[in-house]
Amino acid sequence: MIPPDGVHAFLAQHREELFEPEAFADMYPSPNGRPSAPPSVLAAVVVLQALEGASDREAVQNLRYDLWWKAACGLGLHDGGFDPSLLTYFRRRLAALADPRRVFTITSRVIAETGVLKARQRRALDSAVLDDAVAIQDTVTQIIACIRRVAREVPGAGEVVARHCRAHDYADPGKPRIAWEDAQARVGLVDGLVTDAINVLAHVPEQPLGHAAADAVGLLALVAGQDVEPAAGSDGSDGRWRICSGTASDRVVSTVDADSRHVHKSRTQRQDGYKAHVAVEPETGLFTAVALRPGSGPDHHEAVIAADLLVDEYAPLTVLGDSAYSAGELRGLLAESGHRTVINPAPLRAVVAGGFTLDDFTIDTAAGRVACPAGHTVALGREGGPHRQRKAEFGHRCGPCPLRPRCTTAKNGRIVTIRPHHDLQAAARRRACEDPGWQAEYRRWRPPVERCIAWLADKGNRRLRYRGTVDNDIWLHTRAAALNLRRLVNLGLTHTPQLDPARSRSPKIFSSLLGAADRVVADPGPAVHGGPPQRASPASATGRPRRTRGSDHRAAFRTARSETGVAGRWTSAAPLFRRRKGAAQPWWPGADRERLEWRASSLHAADGGRPGGTAQRDRSVPPDRHCRRSR
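Keep in mind that what you see is a predicted model, and the values were worked out from it rather than measured.

**Q** Would you take a moment to explain the overall build of the protein chain for this structure?
**A** When you go through the protein chain residue by residue, the secondary structure sums to 20 helices and 17 strands. Counting across all 631 residues of the protein chain, residues that qualify as buried make up 46%. The contacts in the protein chain between residues at least 6 apart in sequence include a share of 65% that link residues at least 24 apart. With an accessible surface of roughly 32,200 Å², the protein chain has 51% of that area assigned to carbon and sulfur atoms.

Right, dumping it as structure tokens:
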């Protein structure tokens, strides 16, 4: 009834090995009693919830009525599960940990243990806008809500509001009753509300404030000034205000979620919410790092977050990205770290339509000289300004120049401005235009990250379920962990029992164990050879290799297991993949499934085995594709 190659079946079989009790021990430090539901069960529910985009109530309903969920979480047929509030309690405990992204950390450790990324040194970067879970509020609603919050959270602020605020009855959470079609009435209301906010901030008693009170006061100061400007004919000192014509670049869109922002992914695409930043290994589709940040602001730009996504990568990588990651500072940082960049450079804009761009000038930063297309050469100035810019001013040389209409419209002539990483940027533009190998690599390995973004936003997950950066960032890591687990299962993830070295009598007891059956050569597995372990059959009395009985395997394995104890390691069939016509494909259809069946039949005879006989294998695949012992 449950597909054997899915996440539900995998969790049903390996949930305890994946989410070990020790991994969540710091969540329950008290020695008295135990959690009402095991952490492994709650972690499995959270993973399935993130994978299928279910709410807490929907997840608990699935746990009660869906056989797939029951099997994955280890519940009985008549088990009613638990109350949905337990998931909220579990997430709250996760958020309080030193590592609140615990589920993602566990799956990342499994990925590292399988070695699936060991020889894959590409990382594709991208970002996606995720809608917030709140409604946009106008200026009037925000100021009223913030004044009410200050009166509620700050001691003594209620008396200040009652004494100094006149524009609205702040005991009423609704909007003021005015003639909203009257422009003068709206202007007067905005002026009065801003004046009330200033009076509250000026007269709040000076005292130590807690976290909630400090947030309330700071948010009131922010929303009171983000949408207004001094009225016509006012310098701001007479207390007359009006709604400004533009929109603040970092405007708070709602007091319910103060971290949500207006996001402009492009000139035509406008949303409200956050940006999800991802780093993906493009060949396997695994998320190596994710981060959720507010949707606007220089501190949350793609080029800034990219450095955080790659901070745990130590081997030299090939970093792929679109023009959002083409900042010179990021290129310089990646070059210093030994990474190779395949990042699409941002296009240059000509001052005059169809005219000369920066690449049409000959710039020698070492010598400090710039030559224009007409042959005039000037010196570069010293670094200055917040971006350490250097300028070359052509001035009077542009006056009689015949190329002036294609170069500049400035009265005082063309000024060329460069930044510290100009040479890196210029080399990247030349490589993107002239190098066919660069172009082919970009077209081959950059697009797969778009597929991963589609996975991330699938099943209604384009809209977030929580408020604030912290909670939504934890959700994003859980969602990425669930998608990684699904990809690993599709790539053939399994948990192979091994002997515990701490209890072994010999450091090579695992090799000795299998060697007692048929002298198995110690083999590191498919991560090295690309297939099941190769067996060297012992010679018989006639000098010819003899086949080994499956019962010999089982007897030797049981004996050593009873004496030494059993541990485990995570393996994946992904290293079985090899490239064929530019794509990663398995050796044969169903290679992942056959490898798992081979391991189970050779070590445990768990599926299809006969008492006292050799474990059966799937006869639908030619014998030579199982292992060499079948020849």
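Back to the text.
**Q** What is the right way to look at the pairing of strand E7 (residues 318-321) in this model?
**A** Residues in a regular strand project their side chains so that they alternate between the two faces of the sheet. Side-chain alternation along E7 places Thr318 and Leu320 on one buried face and Val319 and Gly321 on a second face that is also buried. Pairing analysis gives three bridges linking strand E1 (residues 122-131) to E7, with the strands arranged parallel. Paired with Arg122 across the bridge in E7 is Thr318. Direction of pairing for E7 relative to strand E8 (residues 340-343): parallel, over a ladder of four bridges. Paired with Gly321 across the bridge in E8 is Ile343.

**Q** Any chance you could explain the packing of aromatic side chains here in plain terms?
**A** Each aromatic ring pair is summarised here by two numbers: the centre-to-centre distance and the angle between the ring planes. A complete count under the given rule lists four aromatic pairs for this structure. Pairwise contacts between aromatic rings join Phe19, Phe24 and Phe90 into one cluster. Its guanidinium or amino end placed over the ring of Trp445, Arg444 lies 4.0 Å from that ring's centre, counting from NZ or CZ.

**Q** How do you make sense of the nonpolar core when you look at a structure like this?
**A** Nonpolar side chains in soluble globular proteins tend to be buried together. Counting residues in hydrophobic clusters, the biggest one holds 75 residues, and the most contacted among them are Leu11, Leu18, Phe19, Val45, Phe82, Phe90 and Phe287. Considering every element that reaches this core, the biggest residue donor is helix H2 (residues 39-52), with 10 residues. Residues contacting Phe90, with those up to four places away along its chain left out, are Phe24, Met27, Tyr28, Pro39, Leu42, Ala43 and Val46. By size, the runner-up hydrophobic cluster in this structure holds 27 residues, among which are Ile143, Cys146, Ala216 and Val223.

**Q** Any chance you could explain helix H15 (residues 448-457) here in plain terms?
**A** An α-helical turn contains 3.6 residues, so any two residues separated by three or four positions project in the same direction. Inspection of H15 places Pro448, Val449, Cys452, Ile453, Leu456 and Ala457 among the buried residues, and these make up the whole buried set. On its buried face, H15 sits against E1, strand E5 (270-281), strand E6 (286-294), helix H14 (436-445) and helix H16 (469-490). Within two residues after H15, Lys459 carries a phi angle of roughly 60°, on the positive side.

**Q** Explanation requested: the sheet that holds strand E10 (residues 369-371) in the structure shown.
**A** Note on sheets: strands pair through backbone hydrogen bonds, and any given pair is parallel or antiparallel. What the three strands build is an open sheet, ordered E9-E10-E11; its pairing is antiparallel. Bordering the open sheet on either side are strand E9 (362-364) and strand E11 (377-379), each of which pairs with just one other strand. Across this sheet, the average inter-strand angle for adjacent strands is 15°, counted without regard to direction. Sheet topology places E9 next to E10; three bridges connect them, and they run antiparallel.

**Q** When you look at the side chain of Ser260 in this model, what are you seeing that I'm missing?
**A** Along the chain, the position of Ser260 falls in the loop between strand E3 (241-243) and strand E4 (261-264). The contact partners of Ser260, leaving out residues within four places of it in the chain, are Asp132, Arg251, Val252, Val253, Asp272, Gly273 and Tyr274.

**Q** Help me understand the packing of helix H13 (residues 422-434) against H14, please; the structure alone is not making it clear to me.
**A** The description of two helices packed together rests on the angle between their axes and the distance between the axes. With their axes 6 Å apart at the nearest point, H13 and H14 run at an angle of 85° to one another. Classified by the angle between their axes, H13 and H14 sit roughly perpendicular to one another. Each of Arg431, Ala432, Cys433 and Glu434 in H13 lies in contact with H14, whose residues at this interface are Pro436, Trp438 and Gln439. When the residues that make up the contact of H13 with H14 are grouped by side-chain class, the tally is four nonpolar, one polar and two charged.

**Q** How should I be thinking about a nonpolar patch on the surface in this particular structure?
**A** A surface patch of nonpolar side chains, amounting to about 470 Å² of accessible area, comprises Met1, Leu67, Trp68 and Leu77. With respect to the element layout, Leu67 can be found in helix H4 (residues 67-73). For Leu67, a relative accessible area of 36% gives the class partly exposed.

**Q** What exactly am I supposed to notice about the pattern of salt bridges here?
**A** When the charged atoms of two side chains lie near each other, side chains of opposite charge can form a pair. One pass over the structure, following the stated rule, counts 20 salt bridges. Glu441 is the partner of Arg122 in a salt bridge, and the nearest nitrogen-oxygen pair spans 3.8 Å. Of this pair, Arg122 sits in strand E1 while Glu441 is found in helix H14, placing the two residues 319 residues apart along the sequence. For Glu441, a relative accessible area of 15% gives the class buried. The residue Arg177 makes a salt bridge to Asp172 at a minimum N-O spacing of 3.6 Å. Classification of Arg177 as exposed rests on a relative accessible area of 78%. Each of Asp126, Asp322, Arg446 and Glu450 takes part in one network of salt bridges that share partners.

**Q** What exactly am I supposed to notice about helix H6 (residues 102-114) here?
**A** Over its 13 residues, H6 extends 19 Å from the first C-alpha to the last, a length consistent with the 18 Å expected when each residue adds 1.5 Å. Buried residues of H6: Arg102, Val103, Phe104, Ile106, Thr107, Val110, Ile111 and Thr114, and no others. Immediately downstream of H6, the backbone of Gly115 shows phi near 75°, a positive value.

**Q** I tried to follow the state of the cysteines on my own but got confused; where do I start?
**A** One way to say it: the disulfide is the covalent bond shared by the sulfur atoms of two cysteines. Applying the stated criterion across every chain, the model contains zero disulfides. Cysteine Cys407 shares no disulfide, and the gap to the nearest cysteine sulfur, in Cys398, comes to 5.6 Å.

**Q** Would you mind going over the environment of Arg120 with me for this structure?
**A** Summarising the element assignment, Arg120 is placed in the loop between H6 and E1. Spatially, the C-alpha atom of Arg120 lies 9.0 Å from that of Pro282, the residues being 162 residues apart in sequence. Among the polar contacts made by the side chain of Arg120, one reaches the main-chain carbonyl oxygen of Val116 at a distance of 2.5 Å. Side-chain polar atoms of Arg120 contact the side chain of Glu283, separated by 3.3 Å.

**Q** Help me out: how do you make sense of unusual backbone geometry in this one?
**A** Across residues other than glycine, the phi torsion is negative in most instances, and most of the peptide bonds are trans. Positive phi is not limited to glycine here, since Arg388 has a value of about 55°. Within the secondary structure, Arg388 sits in the loop between E11 and strand E12 (390-393). By relative accessible area, Arg388 is classed as partly exposed at 46%.

**Q** Where do I start with the confidence of the model for the protein chain in this structure?
**A** Should pLDDT be low for a region, the predicted coordinates there are not to be read in detail. Per-chain confidence: the protein chain averages 80 in pLDDT, with 78% of residues scoring 70 or above. Scored below 50 in pLDDT, residues 499-566 makes 109 contacts in the model with residues more than four places away or belonging to other chains. Within the model, pLDDT remains below 50 along residues 575-631, and this stretch shows 103 contacts once partners closer than five positions in the same chain are excluded.

**Q** Please clarify how the environment of Glu52 should be interpreted in this entry.
**A** By the element assignment, Glu52 lies in helix H2. Looking at Glu52, the relative accessible area reads 27%, which means it is partly exposed. For the pair Glu52 and Leu483, spaced 431 residues apart in sequence, the C-alpha separation works out to 10.0 Å. If near-sequence neighbours (up to four positions away) are discounted, Glu52 is found in contact with His8, Asn62, Trp69, Lys459 and Arg479. Within the local environment of Glu52, its side chain forms a polar contact with the side chain of Trp69, the two groups lying 3.3 Å apart.

Criteria and thresholds
- Residues numbered from 1 in each chain as written.
- Predicted model: local features only at pLDDT ≥ 70, side-chain atom pairs only at ≥ 80, totals over all residues.
- Heavy atoms only, no water.
- Helix = DSSP H or I, 4+ residues; strand = E, 2+ residues; numbered from the N terminus.
- Buried < 20%, exposed > 50% of the residue type's maximum accessible area, 1.4 Å probe, protein only.
- Contact = heavy atoms within 4.5 Å.
- Areas by Shrake-Rupley, 256 points an atom, 1.4 Å probe, with all protein chains shown as cover.
- Pairing = 2+ DSSP bridges.
- Phe/Tyr/Trp six-rings, centres within 6.5 Å; stacked < 30°, edge-to-face > 60°.
- Lys NZ or Arg CZ within 6 Å of the ring centre and 35° of its normal.
- Core = buried A, V, L, I, M, F, W, Y, C linked by side-chain atoms within 4.5 Å.
- Axes fitted to C-alpha atoms, helices over the stretch in contact; angles between N-to-C directions.
- Parallel < 35°, antiparallel > 145°, perpendicular 65-115°, else oblique.
- Nonpolar A, V, L, I, M, F, W, Y, C, P; charged D, E, K, R; others polar.
- Patch = residues over 30% accessible without salt bridge, like charges linked within 9 Å, V, L, I, M, F, W, Y side chains within 5 Å.
- Salt bridge = Lys/Arg side-chain N within 4 Å of Asp/Glu carboxyl O.
- Expected span 1.5 Å × (residues − 1).
- Disulfide = S-S within 2.5 Å.
- Polar contact = N/O pair within 3.5 Å; in protein donor to acceptor, adjacent residues only side chain to side chain.
- pLDDT = per-residue confidence, 0-100.

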